[in-house]
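The lines below spell out each chain.
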Amino acid sequence: MLLPWYALQEGLDSGVWLSGLWSSEEYASGLAQFASHGKFWLAPILVALVACAVVSLAPLPRERRGTFLLIAAGTGIVLFVAESLAIGLRGWTAGWLLDLFGELDVRQVGVGAGGTLVLVALLSLFAVALALRGAFGGDAFIAGAVTTVAASIVLFTAWPILRILVQAVQDGDGLFTPALLVERLATEKIWSLRCLAGGGRCGVAWNTLFLALACGAGTTALGLAFALIVTRTGFAWKRTLRVLTVLPIITPPFVIGLALILVFGRAGLVNQLLEWSMGVPPTRWIYGFQGVFLAQLFAFTPVAFLVLIGVVEGVSPTLEEASQTLRADRWATFATVSLPLMRPGLANAFLVGFIESIADFGNPIVLGGDYGVLSTEIYFAVVGAQLDYGRAAALALLLLAFALSAFFLQRWVVGTRSYATISGKGDAGLPTPLPDRARRVAQWIALPWAALTLLLYGFAFVGGLVKVWGRDYTPTLAHYAKAFAIERTADGLIWSGAAWNSFWTTVQLAAIAAPLTAALGLIAAWLLVRQRFAGRTTLEFATMLSFAVPGTVIGVAYVFAFNVPPIEITGTALIIVLCFVFRNMPVGVRAGMAAMSQIDRSLDEASLTLRGHSLATLVHVVLPLLRPAIVGSLIYGFVRAVTTVSAVVFLVTAEYELATTYIILRVINGDYGLAIAYSCALIVLMLLAILLIQAVVGERRLGRRTPLMQGGRA
């Protein structure tokens, strides 16, 4: 009654709709659209709302009220979805509807504020009805959380991906042809095994699978090594090591590949040094599997570290002390007590690394050479001369199959055992220092890697401070001045630098997306770990769905799904924020699940016994114990929003240009100095953001004693 039903070109904040809420077809509310403007299909939805009100006010028993409310709200949701999909800009959206009902004189554009509010109300009433009927223990908050997470994933993950994937079984005329899927996938380029016989290249499917397995194992091992050094040794430079660990994740995607080429490429410093000192001819060894694998280790080890750091910190010292009391040495304690309790974190870290690898596009396109993978094949199918969306969709389905296999493997590894180590009992034991063998192995793995990271980023920073890398090494600040110049005029300061517009847009959208990403991810993790309900496994896999599809496919899917009614948001800031949230949410889910599996359920039960409802339990008991996962989710959500490129390259506009797309355009134009300077500025920005997030969220306090460690020993 009080808001425009359809989306406004001017935006809701313009206020121009207030005078036409009843009279103007463009600005009218849902009631006015039905009563005055011929939108007869909105009447049943309004009737469903009235029915919900009547049921809510009627003096009915709790369960019967829940049943009637479930029917009324459910009917309203079905009607809302049906009319939204059935009628578009040209009337009926399907030929059979036109044949059945005849020509439709009126049209409808995308849903606006009024329609969105009605849908949210119906979903909320549906959740309340489930609780009234006894579902989710009769807890309305849990029912609402499940409904919110499920509905948002269906709308902003499953629906757009389904819109693009359905083309895998459609021909050029849009006809359903399942045989096309087999034809598109059963090619030698995808499944060839000639490399095993030494007679050629392997197919891109095998390349993708082998690279993902290696990346998952490598990032998990490196992430664990860093987490153990930071939490279980007396290493003097822990804070520096933490910064170096997360540095690759806050880097625009092409910088790692460019730095590797500058160091290890044919004209790189290592090849030049070998040729000068030993006469070894320069090679192109960095291109191919080894180069992509190295770049992915740099890029995705921080994700594994963020997943594992809270898990390693959460292992109970009391259990370790009990093991040593029973005469187990430190190695036996680590191998039989500590490491098994980290299994959920290790399995989740491997799963994230595996899926990040199969969906990675930037590193293979820069360093892959003749080593093809599925993500690059999808990219060329979408933007190449062939423009074959059907083939791209078929290859994306294959990626989903790989992701699903890894998902079930992870569930099998974790199993149904309990890994709870944080309970309501006192736990003032001292964390057991790493055994000497484990400490040395962790340091031999992590410290050289940290040194190499420092070397690569040193060259990246230097690249922005010289005129032309490789030709003119004269120091200069011209690239920074061109990007971030500020002029003082009579009217005040003018942000005249070429990069300021994209910089502020990126910061604002990332700041909006990061808390939404963390909140949705952690609520989903709490539901998946703490609640038991039908469809939980399906919901868990659905949370990983957007992660398993290359960013290019996600971007195209969003354009397909949200460029026409019922949701027209292409070209707006909203579609970019939604892409950020649902693309990056899975890491928050996995980090939250890994950390929550260590928190004993007795804490939740104690809170509920003391009459604390589920929301209070979540806020005051669970979330304070999840601070490492919260920090990881916020950091990942923010920095990924700043550095992503493939998922949003099709979504940006002149009004909403992002930093990464600006950088890529500078690279294409050969302006490497400006691109590197801008990237370095983003790195500094994100380091400051990380420090701010850690300061605001704070550290988890478990009431444990802190040992004095020197030289890596207690």
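Residues numbered from 1 in each chain as written. Predicted model: local features only at pLDDT ≥ 70, side-chain atom pairs only at ≥ 80, totals over all residues. Heavy atoms only, no water.

Turning to the overall build of the chain, a few remarks are in order. Summing up its helical and strand segments, the chain has 30 helices and 6 strands in all. The C-alpha radius of gyration computed for the chain amounts to 28 Å, which stays within 12% of the reference 27 Å derived for 714 residues, consistent with globular compactness. For the chain, the C-alpha atoms occupy an extent of roughly 85 × 70 × 65 Å along the three principal directions. With 714 residues in all, the chain has 53% of them scored as buried. Put simply, 73% of the contacts in the chain that link residues at least 6 apart link residues at least 24 apart. On the chain, roughly 31,800 Å² of surface is accessible, and the fraction owed to carbon and sulfur atoms is 65%. The average position of the 47 basic charges and that of the 38 acidic charges among the side chains of the chain differ by 13 Å. (Helix = DSSP H or I, 4+ residues; strand = E, 2+ residues; numbered from the N terminus. Rg over C-alpha atoms; globule rule 2.2 N^0.38 Å. Buried < 20%, exposed > 50% of the residue type's maximum accessible area, 1.4 Å probe, protein only. Contact = heavy atoms within 4.5 Å. Areas by Shrake-Rupley, 256 points an atom, 1.4 Å probe, with all protein chains shown as cover. Lys, Arg positive; Asp, Glu negative; His and termini not counted. Charge placed at Lys NZ, Arg CZ, Asp CG, Glu CD.)

Let us now look at the packing of aromatic side chains. Given two aromatic rings, one states the distance between the centres and the angle between the planes to describe the pair. Within this structure, the stated rule accounts for 26 aromatic pairs. Here Phe298 and Trp449 contribute two aromatic rings whose centre-to-centre distance is 4.3 Å and whose plane-to-plane angle is 25°, an arrangement assigned as stacked. On the criterion of sequence distance, the pair formed by Phe298 in helix α13 (residues 289–314) and Trp449 in helix α20 (residues 436–463) is long-range, its members being 151 residues apart. Joined through ring pairs, the aromatic side chains of Phe484, Trp495, Trp500, Phe503, Trp504, Tyr662 and Tyr678 make up one cluster. The ring centre of Trp331 lies 4.3 Å from the NZ or CZ of Arg437, which sits over that ring. We note Arg666 situated over the ring of Tyr662; from NZ or CZ to the ring centre the distance is 4.6 Å. (Phe/Tyr/Trp six-rings, centres within 6.5 Å; stacked < 30°, edge-to-face > 60°. Lys NZ or Arg CZ within 6 Å of the ring centre and 35° of its normal.)

Here we come to the side chain of Asn584. Mapping Asn584 onto the fold places it in helix α25 (residues 573–596). Among the polar contacts listed, one links the side chain of Asn584 to the backbone oxygen of Phe580, at a separation of 3.0 Å. Look past the residues within four positions of Asn584 in its chain and what remains in contact with it is Thr517, Tyr636, Gly637, Arg640 and Ala641. (Polar contact = N/O pair within 3.5 Å; in protein donor to acceptor, adjacent residues only side chain to side chain.)

Here we take up the confidence of the model for the chain. Regions with low pLDDT should not have their predicted coordinates read in detail. In this model, the chain carries a mean pLDDT of 84, and residues with pLDDT of at least 70 account for 93%. The weakest mean pLDDT in the chain belongs to helix α11 (residues 253–264) at 72; the strongest belongs to helix α5 (residues 113–132) at 96. (pLDDT = per-residue confidence, 0-100.)

What follows is about the environment of Ser29. By the secondary structure assignment, Ser29 is in the segment before α1 (30–36). Among the residues examined, Ser29 registers a relative accessible area of 2% and is labelled buried. Separated by 27 residues in the primary sequence, Ser29 and Leu2 place their C-alpha atoms 6.3 Å from one another. Residue contacts for Ser29: discarding those within four places in its chain leaves Met1, Leu2, Leu3, Pro4, Trp5 and Leu21.

Moving on to a nonpolar patch on the surface. Nonpolar side chains collect at one region of the surface, where Met1, Leu2, Trp22, Leu31, Phe34 and Phe40 lie side by side and expose about 690 Å² of accessible area between them. Its place among the elements puts Leu2 in the segment before α1. (Patch = residues over 30% accessible without salt bridge, like charges linked within 9 Å, V, L, I, M, F, W, Y side chains within 5 Å. Salt bridge = Lys/Arg side-chain N within 4 Å of Asp/Glu carboxyl O.)

Let's shift gears to the nonpolar core. Leu260, Tyr558, Tyr678 and Leu682 are the most contacted members of the largest nonpolar core, which totals 181 residues. Excluding residues that lie within four positions of it along the chain, Leu682 makes contacts with Pro252, Phe503, Val642, Ala659 and Ile663. Of all hydrophobic cores here, the second largest spans 14 residues; its members include Tyr6, Ile45, Ile87 and Leu97. (Core = buried A, V, L, I, M, F, W, Y, C linked by side-chain atoms within 4.5 Å.)

Glancing now at helix α6 (residues 140–165). Every α-helix carries 3.6 residues per turn, so stepping three or four residues along brings you back to the same face. For α6, built from 26 residues, the straight-helix expectation of 38 Å at 1.5 Å per residue is met to within 8% by its first-to-last C-alpha distance of 35 Å. Of all the bends found along α6, the most pronounced is centred on Val154 and spans about 40°. Backbone nitrogen of Phe141 and a side-chain oxygen of the N-cap are separated by 2.9 Å at the start of α6; the cap is Asp139. (Expected span 1.5 Å × (residues − 1). Bend = angle between axes of the 7 residues up to and from the residue.)

What follows concerns the side chain of Gln108. With respect to the element layout, Gln108 can be found in the loop between α4 (95–101) and α5. Taking the relative accessible area as the measure of exposure, Gln108 reaches 3% and is therefore buried. In this structure the side chain of Gln108 is engaged in a polar contact, spanning 3.1 Å, whose partner is the backbone oxygen of Ile87. Setting aside anything within four residues of it in sequence, one finds Gln108 in contact with Tyr6, Trp41, Glu83, Ser84, Ile87, Gly88, Leu89 and Pro565.

The next subject is the pattern of salt bridges. A complete count under the given rule lists 8 salt bridges for this structure. A salt bridge links Asp436 to Arg330; the nearest nitrogen and oxygen atoms lie 3.5 Å apart. Taken together, the residues Asp436 in helix α20 and Arg330 in helix α15 (residues 330–341) connect sequence positions 106 residues apart. Judged by its relative accessible area of 27%, Arg330 falls in the partly exposed class.

Among all residues save glycine, negative phi is the norm, and among peptide bonds the norm is trans. The omega torsion across Pro565 and Pro566 is 15°, close enough to zero to call that bond cis. Topologically, Pro566 is positioned in the loop between α24 (551–562) and α25. Phi angles above zero are rare outside glycine, and Phe136 is one such case at about 55°. Along the chain, Phe136 falls in the loop between α5 and α6. Despite not being glycine, Arg327 shows a phi value in the positive range, around 75°. Considering the arrangement of structural elements, one finds Arg327 in the loop between α14 (317–325) and α15.

All right, on to the packing of helix α9 (residues 204–232) against α13 then. Interaxial distance between α9 and α13 falls to 6 Å at its minimum, and their mutual angle equals 45°. In terms of axis orientation, α9 runs oblique to α13. The interaxial crossing formed by α9 with α13 has right-handed handedness. Counted by class, the contact of α9 with α13 contains 20 nonpolar, 7 polar and 2 charged residues. (Axes fitted to C-alpha atoms, helices over the stretch in contact; angles between N-to-C directions. Parallel < 35°, antiparallel > 145°, perpendicular 65-115°, else oblique. Left-handed = near helix turned anticlockwise from the far one by under 90°. Nonpolar A, V, L, I, M, F, W, Y, C, P; charged D, E, K, R; others polar.)

It is the contact of α6 with helix α23 (residues 536–543), at a shortest axis distance of 10 Å, that shows an interaxial angle of 45°. With respect to α23, the element α6 is oriented oblique. By crossing handedness, the relation of α6 to α23 is classed as left-handed. Residue-level inspection shows Val149, Ala150, Ile153 and Thr157 of α6 in contact with α23, the latter providing Leu539, Ala542 and Thr543. In terms of residue class, the contact of α6 with α23 is made up of 5 nonpolar, 2 polar and no charged.

With that out of the way, let us pick up the environment of Ala394. For Ala394, the location among the structural elements is in helix α19 (residues 389–414). Note on Ala394: relative accessible area 0%, which makes it buried. Residues Ala394 and Arg343 lie 51 residues apart in sequence; the distance between their C-alpha atoms is 34 Å. Residues contacting Ala394, with those up to four places away along its chain left out, are Ala168, Leu181, Arg184 and Leu185.

Our focus in this paragraph is the environment of Arg532. Mapped onto the fold, Arg532 is located in the loop between α22 (500–530) and α23. Classification of Arg532 by relative accessible area gives exposed; the value is 55%. Expressed as a C-alpha distance, the spacing of Arg532 and Gly137, which sit 395 residues apart in the sequence, is 9.9 Å. At 3.3 Å, the side chain of Arg532 forms a polar contact with the backbone oxygen of Val529.

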